[in-house]
Amino acid sequence: MSIVVTGATGHLGRLVVEELLSRGVPAEEVVAGGRRVEALTGLAGRGVRVARLDYDDPATLDAALGAGDRLLLVSGSDPEARVEQHRAVLAAAARAGVALVAYTSILRADESPLALAATHRQTEADLRACGLPAVLLRNGWYTENYAQALQEAAATGAVTASAGDGRVASATRADYAAAAAAVLAGEGHEGAVYELSGDTAWSFDEFAAAAAEVLGRDVSHRRLSTDEHVASLTGVGLDEPTARFVAGMDTAIAQGALDSTTGDLSRLAGRPSTPLTDALRGLL
Ligand SMILES: NC(=O)c1ccc[n+]([C@@H]2O[C@H](COP(=O)([O-])OP(=O)(O)OC[C@H]3O[C@@H](n4cnc5c(N)ncnc54)[C@H](OP(=O)(O)O)[C@@H]3O)[C@@H](O)[C@H]2O)c1
């Protein structure tokens with residue numbers, strides 16, 4: 001039995017591999033999969049098995065997966081392409097006879113107003129349809145998504161958002177990776193749906209206060225309407241559809257899309273999620 005991690009060349013997958021090793025999973029039982037295998041040589045040097053694994057190349061999927069493996073399918077980074085890419089991975093997993101598929105979905109995927117949730121809902125449905133034993137890791141927002149907001153706060157003393165009093169229960173990628181590794185290395189998770197998020201949901205007023213504490217300067221929360229947000233984003237060079245997509249995330253946050261604090265993440269990780277101020281300090 002191997003634990004195969006896709007997207008191991010990326011931020012989250014890499015952290016999951018590190019977590020598996022630090023939890024005592026033998027390196028030779030871990031397969032770090034990615035397109036750019038040259039980015040995985042450091043892991044290979046530590047005994048981790050490395051596989052070229054491209055969602056668009058079924059032969060690489062068949063070569064990487066074996067009967068009885070546990071697979072972490074890290075959602076692809078191209079929302080336009082990923083439903084078909086995930087289908088290709090699930091088809092290969094079924095051919096191989098993997099024992100468990102864990103999929104990184106999105107928080108409250110079944111009801112989320114986030115535009116991004118549609119592709120995750122489809123992959124969740126495909127996962128149910130393929131009949132493989134599965135576990136859903138429905139990830140909320142990474143705190144790292146706000147690195148640019150922190151830079152903006154440092155430069156201008158303001159954080160701009162159009163999320164009103166909406167709250168975000170963010171956690172760091174390392175927190176999500178700890179929860180994923182616990183599932184992959186543990187027992188009894190088949191069929192589970194985990195709503196993974198930070199222990200505390202913060203508002204943008206609270207984000208501004210945390211940024212002020214970390215930066216040692218005054219930071220205010222500049223509340224924008226959706227149209228003002230779109231205009232400010234197009235003003236710094238974003239095309240209109242991208243600006244609407246980004247502002248739409250804040251609209252969804254205002255509707256409560258990312259405020260769930262179920263405690264699933266900290267229970268799985270065996271520790272509290274990283275507090276916002278600590279995470280922001282880490283981003284500096
Ligand atoms: N919850 C959140 O806040 C949040 C934020 C952003 C993204 N996400 C989602 O979470 C995923 C993981 O996040 P991350 O921070 O680790 O993203 P990341 O650093 O961009 O990593 C994405 C990984 O997906 C791999 N990948 C993309 N297309 C692939 C393909 N066709 N075949 C094989 N591998 C492919 C990439 O491989 P290469 O290195 O070879 O390109 C990379 O390893 C993202 O892909 C996205 O779906 C979540």
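A brief look at the structure comes next. All values reported here derive from a predicted model rather than from experimental measurement.

## Points about the overall build of the chain
Part 1 of the argument: The helix and strand tally for the chain stands at twelve helices and eleven strands.
Part 2 of the argument: A compact globule built from 284 residues would reach a C-alpha radius of gyration of about 19 Å, and the chain, at 19 Å, matches this within 12%.
Part 3 of the argument: Along the longest, intermediate and shortest principal axes, the C-alpha atoms of the chain span 55 × 35 × 35 Å.
Part 4 of the argument: Considering the chain as a whole, with its 284 residues, one finds that 46% of them fall into the buried category.
Part 5 of the argument: For the chain, long-range pairs separated by at least 24 residues make up 76% of all intrachain contacts whose partners lie at least 6 apart in sequence.

## Section: the sheet that holds strand 5 (residues 100–106)
Part 1 of the argument: Overall, parallel pairing links the seven strands, which are arranged 3-2-1-4-5-6-9 in an open sheet. Each edge of the open sheet carries a strand with a single partner, namely strand 3 (49–52) and strand 9 (193–196). Geometrically, the sheet is characterised by an average inter-axis angle of 20 degrees between neighbouring strands, direction not taken into account.
Part 2 of the argument: Against the sheet, helix 7 (residues 173–185) contacts strand 1 (3–5), strand 4 (70–73), strand 5, strand 6 (134–139) and strand 9, and its axis sits at roughly 170 degrees relative to strand 6.

## Details of the site of the ligand
Part 1 of the argument: Looking at the ligand, there are 25 residues lining it, with Gly7, Thr9, Gly10, Leu12 and Arg35 nearest.
Part 2 of the argument: Looking at which element gives the most residues to the shell around the ligand, the answer is helix 1 (residues 11–22), with three residues.
Part 3 of the argument: Across the shell around the ligand, the residue classes tally to six nonpolar, 14 polar and five charged.

## Re the packing of helix 1 against helix 7
Part 1 of the argument: As a packed pair, helix 1 and helix 7 sit with axes 8 Å apart at the nearest point and diverge in direction by 55 degrees. Accordingly, the angle class assigned to the pair helix 1 and helix 7 is oblique. Here helix 1 runs over helix 7; the crossing is right-handed. Counting all contacts with helix 1, which are made through His11, Leu12, Leu15, Val16, Glu19 and Leu20, the residues of helix 7 involved are Arg173, Ala174, Tyr176, Ala177, Ala178, Ala180, Ala181, Leu184 and Ala185.
Part 2 of the argument: For the contact of helix 1 with helix 7, a count of residues per class yields twelve nonpolar, one polar and two charged.

## Concerning the pairing of strand 2 (residues 30–34)
On a regular strand, each side chain points to the face opposite its neighbour's, so the side chains alternate between the two faces of the sheet.
Part 1 of the argument: A large share of strand 2 lies buried, amounting to five of its five residues.
Part 2 of the argument: The two faces of strand 2 match: Val30, Ala32 and Gly34 on one face and Val31 and Gly33 on the other face are all buried.
Part 3 of the argument: In this structure, strand 1 lies alongside strand 2, joined through three bridges in parallel fashion. The partner of Ile3 across the bridge, within strand 2, is Val30.
Part 4 of the argument: Following the backbone out of strand 1, through helix 1 and into the adjacent parallel strand 2, one traces a crossover that is right-handed.
Part 5 of the argument: Note: strand 2 against strand 3, four bridges, orientation parallel. Residue pairing in the sheet places Gly33 in a bridge with Ala51 of strand 3.

## Notes on the pairing of strand 7 (residues 158–161)
Part 1 of the argument: Of the two faces of strand 7, only one is covered, namely that formed by Val159 and Ala161; the face formed by Ala158 and Thr160 stays uncovered.
Part 2 of the argument: The pairing of strand 7 with strand 11 (residues 220–223) spans four bridges and is classified as parallel. The residue of strand 11 that forms the bridge with Ala161 is Arg223.

## What to know about helix 7
Part 1 of the argument: With 13 residues, helix 7 should cover 18 Å at 1.5 Å per step; its first-to-last C-alpha distance of 18 Å lies within 8% of that length.
Part 2 of the argument: Taking burial as the measure, the 13 residues of helix 7 include eleven buried ones, the bulk of the element.
Part 3 of the argument: By the burial criterion, the buried members of helix 7 are Arg173, Ala174, Asp175, Tyr176, Ala177, Ala178, Ala179, Ala180, Ala181, Val183 and Leu184.

## Side note on the packing of helix 9 (residues 226–235) against helix 10 (residues 240–254)
Part 1 of the argument: Where helix 9 contacts helix 10, the axes come no closer than 9 Å and their chain directions differ by 140 degrees. Between helix 9 and helix 10, the angle is such that the two are oblique. Read as a crossing pair, helix 9 and helix 10 show a hand that is right-handed. Across the interface between the two elements, Thr226, His229, Val230, Leu233 and Thr234 of helix 9 pack against Glu240, Ala243, Arg244, Val246, Ala247, Asp250 and Thr251 of helix 10.
Part 2 of the argument: Residues of the contact of helix 9 with helix 10, tallied by class, amount to five nonpolar, four polar and three charged.

## Re the nonpolar core
Part 1 of the argument: With 56 residues, the main nonpolar core has Val101, Ala102, Ala179 and Ala180 as its most contacted residues.
Part 2 of the argument: With nine residues, helix 7 is the largest single contributor of residues to this core.
Part 3 of the argument: Every residue in contact with Val101, bar those within four places of it in the chain, is listed here: Leu71, Leu73, Leu90, Ala93, Leu127, Leu132 and Ala134.
Part 4 of the argument: With 30 residues, the next largest nonpolar core counts Leu150, Ala161, Val168 and Ile253 among its residues.

Reading the values: the criteria
- Residues numbered from 1 in each chain as written.
- Predicted model: local features only at pLDDT ≥ 70, side-chain atom pairs only at ≥ 80, totals over all residues.
- Helix = DSSP H or I, 4+ residues; strand = E, 2+ residues; numbered from the N terminus.
- Rg over C-alpha atoms; globule rule 2.2 N^0.38 Å.
- Buried ≥ 20, exposed ≤ 12 C-beta atoms within 10 Å, placed from the backbone.
- Contact = placed C-beta atoms within 7 Å.
- Pairing = 2+ DSSP bridges.
- Axes fitted to C-alpha atoms, helices over the stretch in contact; angles between N-to-C directions.
- Near = placed C-beta within 6 Å.
- Nonpolar A, V, L, I, M, F, W, Y, C, P; charged D, E, K, R; others polar.
- Parallel < 35°, antiparallel > 145°, perpendicular 65-115°, else oblique.
- Left-handed = near helix turned anticlockwise from the far one by under 90°.
- Right-handed = clockwise from strand over helix to strand, strands pointing away.
- Expected span 1.5 Å × (residues − 1).
- Core = buried A, V, L, I, M, F, W, Y, C linked by C-beta atoms within 7 Å.

By themselves, these observations are geometric and do not establish any function.
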